[in-house]
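Chain residues, written in single-letter form:
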Amino acid sequence: MRQSSATIRDVAREAAVSVASVSRAMNGHSSVHPDTRERVMAAARSLGYVPHAGARSLSLSRSHAIGVVLPDLHGEFFSEIVRGMDREVTARGYHLLLSNMHADAERAAQAVRSMRGRVDGLIVMAPQLVAGGLDEALPLGVPAVLINSQHGPGRASFHIDNAAGIAASVEHLVAQGRRRLVHVSGPFGNIDADERRQGYLSAMARLAPEVEPVVIEGDFHEDSGAAAMAEIAERGVRYDGIVAGNDMMALGVLSVLRERRVDVPGAVAVTGFDDIPLARYLGLTTIRAPLAEMGERAVARLVDALEGGTLALETQTIATELVIRATSPAGAA
């Protein structure tokens, strides 16, 4: 007979074990023998016992919350990462607590400190902070996994292979016979932007050494892609390809080219980076970074450590993939 008011003592009596053994079995302690765990779980099912979530958290001194600190909660790039995180925390019985991290080091530290005592661990993405600023902002004693952030040694992190991704874009366009490639970069000082810019410069030096590389700084938003095109026109730069530092700036570039009735990809080819959902709908050639998967992996790595595993203090590199679409199909030049 099922009892909706069953207590942990009822389960202990039914399973013929101590209350402490029931608690350890319910909380997944490795010290509990599998036979005992199964007997406890069978008793709980029989009695209709449901552990009280608040009491469970208090007994474990845990909140079952993961703090996530991102530089900008808007835009498809971060939405994709959070989507992957949410999928994994739901499967693992945790929940997310989101916060915004600004470029200013002190405000960034405040954002991280606001999580202290409210979360079991942190996932931080701070590409705009220098290593020292981020290391100082992270609270001692709180496990943290970093994503595309500048940090000192001894941190668990994930890193997108930005340079290889941009190099693949340059190689693709040069293979079409295009040489005058302009890079619309993200902001200087941002780790993603800096690595993608360097990837462009290195690839141009290797594949088109006779061409002077051109870099126009943007800010990863669509408007700055359009502004970059205005600067290119004002400077009289000749070009047959635009290698944008992310998809949103590439979309700004495309909007200007279409307003000017420039043949894309006949006269000018355009590539982006990230492969956000909007890029797929608009036929943008881009570099796919598995953003949702990276969010999943970051959560899994942190939760595994929280539940008794080891948080390996190493950087795991996320490979990228060139995705060719309508803005630069092979043979279009």
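Computed from a predicted structure; not experimentally measured.

> I would appreciate a short explanation of helix 9 (residues 191-207) in the present structure.
The α-helix advances 3.6 residues per turn, and as a result positions three or four apart in sequence lie on the same side. Relative to the 24 Å expected for 17 residues at 1.5 Å per residue, helix 9 spans 24 Å between its end C-alpha atoms, a close match to the ideal helical length. Three or more residues of helix 9 are buried, namely I191, D192, A193, R196, R197, G199, Y200, A203 and M204. In this fold, the buried residues of helix 9 make contact with helix 8 (162-175), strand 6 (181-185) and strand 7 (214-217). Its side-chain oxygen placed 2.9 Å from the backbone nitrogen of D192, N190 serves as the N-cap of helix 9.

> How should I be thinking about a negative patch on the surface in this particular structure?
A grouping of E217, D219, E222 and D223 is seen on the molecular surface, where their side chains present a negatively charged patch. Among the structural elements, E217 can be located in strand 7.

> What is the right way to read helix 5 (residues 76-92) from this model?
Compared with an ideal rise of 1.5 Å per residue, which puts 17 residues at 24 Å, helix 5 spans 24 Å between its outermost C-alpha atoms and is within 8% of the ideal. Among all positions of helix 5, only F77, F78, E80, I81, V82, G84, M85, E88 and V89 are buried. Contact partners of the buried residues in helix 5: strand 1 (65-70), strand 2 (95-100), strand 3 (121-124), strand 4 (144-147), helix 12 (277-281) and helix 13 (291-306). Just past helix 5, the residue G93 takes up positive phi, approximately 80°.

> Honestly, the nonpolar core in this entry has me stumped. Any pointers?
Soluble globular proteins: nonpolar side chains tend toward being buried together. Core analysis: the largest hydrophobic core is formed by 43 residues, its most contacted members being I66, I123, V170, L181 and M294. Put simply, the parts of the chain that give this core at least two residues each are strand 1, helix 5, strand 4, strand 5 (156-160), helix 8, helix 9 and helix 13. Top element by residues in this core is helix 13. It accounts for 8 residues. Taken domain by domain, this core gets at least three of its residues from each of domain 2 (65-160 + 290-319) and domain 3 (162-289).

> Explain the packing of aromatic side chains to me, please; I cannot follow it from the model alone.
Each aromatic ring pair is specified by the distance between its two centres and by the angle formed by the two planes. According to the stated counting rule, one finds 1 aromatic pair in the structure shown. A ring pair is formed by F77 and F78, whose centres lie 5.0 Å apart and whose planes are at 85°; its orientation type is edge-to-face. The two residues F77 and F78 agree in class, both being buried. Above the plane of the ring of F188 lies R197, whose end atom (NZ or CZ) is 3.6 Å from the centre.

> Looking at this structure, I do not really get the environment of A208. What am I missing?
Positionally, A208 belongs in the loop between helix 9 and strand 7. For A208 and R179, which are 29 residues apart along the polypeptide, the C-alpha to C-alpha distance reads 6.4 Å. In this view, A208 contacts R179 and A203; residues no more than four positions away in its chain are not counted.

> Is there a simple way to think about the packing of helix 2 (residues 19-26) against helix 3 (residues 34-47) in this case?
Two quantities define a packed helix pair, namely the angle between the helix axes and the distance between the axes. Packing of helix 2 against helix 3 brings their axes to within 9 Å, and their N-to-C directions diverge by 95°. Between helix 2 and helix 3, the angle is such that the two are roughly perpendicular. Here V22, R24, A25 and M26 of helix 2 come into contact with helix 3, specifically with R37, V40, M41 and A44. The residue makeup of the contact of helix 2 with helix 3, split by class, is 6 nonpolar, no polar and 2 charged.

What counts, and at which threshold
Residues numbered from 1 in each chain as written. Predicted model: local features only at pLDDT ≥ 70, side-chain atom pairs only at ≥ 80, totals over all residues. Heavy atoms only, no water. Helix = DSSP H or I, 4+ residues; strand = E, 2+ residues; numbered from the N terminus. Expected span 1.5 Å × (residues − 1). Buried < 20%, exposed > 50% of the residue type's maximum accessible area, 1.4 Å probe, protein only. Contact = heavy atoms within 4.5 Å. Polar contact = N/O pair within 3.5 Å; in protein donor to acceptor, adjacent residues only side chain to side chain. Patch = residues over 30% accessible without salt bridge, like charges linked within 9 Å, V, L, I, M, F, W, Y side chains within 5 Å. Areas by Shrake-Rupley, 256 points an atom, 1.4 Å probe, with all protein chains shown as cover. Salt bridge = Lys/Arg side-chain N within 4 Å of Asp/Glu carboxyl O. Lys, Arg positive; Asp, Glu negative; His and termini not counted. Charge placed at Lys NZ, Arg CZ, Asp CG, Glu CD. Core = buried A, V, L, I, M, F, W, Y, C linked by side-chain atoms within 4.5 Å. Domains from an automatic or database assignment. Phe/Tyr/Trp six-rings, centres within 6.5 Å; stacked < 30°, edge-to-face > 60°. Lys NZ or Arg CZ within 6 Å of the ring centre and 35° of its normal. Axes fitted to C-alpha atoms, helices over the stretch in contact; angles between N-to-C directions. Parallel < 35°, antiparallel > 145°, perpendicular 65-115°, else oblique. Nonpolar A, V, L, I, M, F, W, Y, C, P; charged D, E, K, R; others polar.

Bear in mind that shape data such as this cannot, by itself, settle questions of function.
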